[in-house]
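Listed below, chain by chain, are the residues.
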Amino acid sequence: QVQLVESGGGLAQAGGSLRLSCAASGRTFSRAVMGWFRQAPGQEREFVAAITWTGGTTYYADSVKGRFTISRDNAKSTVYLQMNSLKPEDTAVYYCAVDIRYGGTYSRDYEYDYWGQGTQVTVSS
C-alpha cells in the first residue's frame, strides 16, 4: 500500500507562484513515475507533469511548459511542483499520483495506481 499526501496549495494572484509537495510512504519506487494532475470544476482531470523516480526524466503538458517545474527528492520520497507565472486558468484541485510499474505512458490517469487526496490551487486575476 502507498500513501500520498499533498500540501502547498492555496491562493495566489496571477503572475505569482506556489509550490506543491507530495510525500510518499509505504514502499520504494524503483520503477515508478510520479505525476501531477489537476481537475477544474466541470472539467475532466488533466495531466500536468510527471517525473521518473529513477533518472528524473520530466514531462510536461503544453499548457504549463516553461512555467511549472517538477522535481523529486528521493531521500525524502517527495515530489514537488513549482508553479510560476500562475494564471487564473491554473485554478483547480491538484493531485499527485504514482504509477509503480511505469511502462512509458505518463499522461493517462488510468495508468496510475495510487492517488493523493488533492490540494486546491486558486489563482485570482
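None of these values were measured; they are calculated from a predicted model.

> Explain the packing of aromatic side chains to me, using residue names and the numbers behind them.
Evaluation of the coordinates by the stated rule reveals seven aromatic pairs. Judged by centre distance (5.1 Å) and plane angle (80 degrees), the rings of F37 and Y112 are edge-to-face. Of this pair, F37 sits in strand β4 (residues 33–39) while Y112 sits in the loop between β9 (92–99) and β10 (114–115), placing them 75 residues apart in sequence. In this structure F37 comes out as buried when scored by relative accessible area, which is 1%. Residue Y112 is classed as buried on the basis of its relative accessible area, which comes to 6%. Measuring from centroid to centroid gives 3.9 Å for Y59 and Y106, while their planes differ by 15 degrees, and the two rings are stacked. Taken together, the residues Y59 in strand β6 (residues 58–60) and Y106 in the loop between β9 and β10 connect sequence positions 47 residues apart. Of the residues examined, Y59 reaches a relative accessible area of 21% and is grouped as partly exposed.

> Describe the sheet that holds strand β1 (residues 3–7), with residues and values.
Sheet architecture is open: four strands sit in the order β1-β3-β8-β7, paired in antiparallel fashion. Edge positions in the sheet fall to β1 and β7 (68–73), since each of these pairs with one other strand and no more. On average, adjacent strands in this sheet sit at an angle of 15 degrees to one another, irrespective of strand direction. Here strand β3 (residues 18–25) pairs with strand β8 (residues 78–83) via six bridges, running antiparallel. Across the sheet, residue R19 finds its bridge partner in β8, namely Q82.

> For the side chain of R67, give the residues involved together with the corresponding values.
Following the sequence through the fold, R67 ends up in the loop between β6 and β7. For R67, a relative accessible area of 11% translates into the label buried. Here R67 is in contact with Q82, M83, N84, S85, L86, K87 and D90, once residues within four sequence places are set aside.

> Provide a residue-level description of the nonpolar core, including the pertinent values.
Core analysis: the largest hydrophobic core is formed by 39 residues, its most contacted members being W36, L81, M83 and Y94. If we ignore the near neighbours within four places in the chain, the residues touching Y94 are E6, L20, W36, F37, R38, V48, F68, L81, M83, G118, T119 and V121.

Quick notes on the rules
Residues numbered from 1 in each chain as written. Predicted model: local features only at pLDDT ≥ 70, side-chain atom pairs only at ≥ 80, totals over all residues. Heavy atoms only, no water. Phe/Tyr/Trp six-rings, centres within 6.5 Å; stacked < 30°, edge-to-face > 60°. Helix = DSSP H or I, 4+ residues; strand = E, 2+ residues; numbered from the N terminus. Buried < 20%, exposed > 50% of the residue type's maximum accessible area, 1.4 Å probe, protein only. Pairing = 2+ DSSP bridges. Axes fitted to C-alpha atoms, helices over the stretch in contact; angles between N-to-C directions. Contact = heavy atoms within 4.5 Å. Core = buried A, V, L, I, M, F, W, Y, C linked by side-chain atoms within 4.5 Å.

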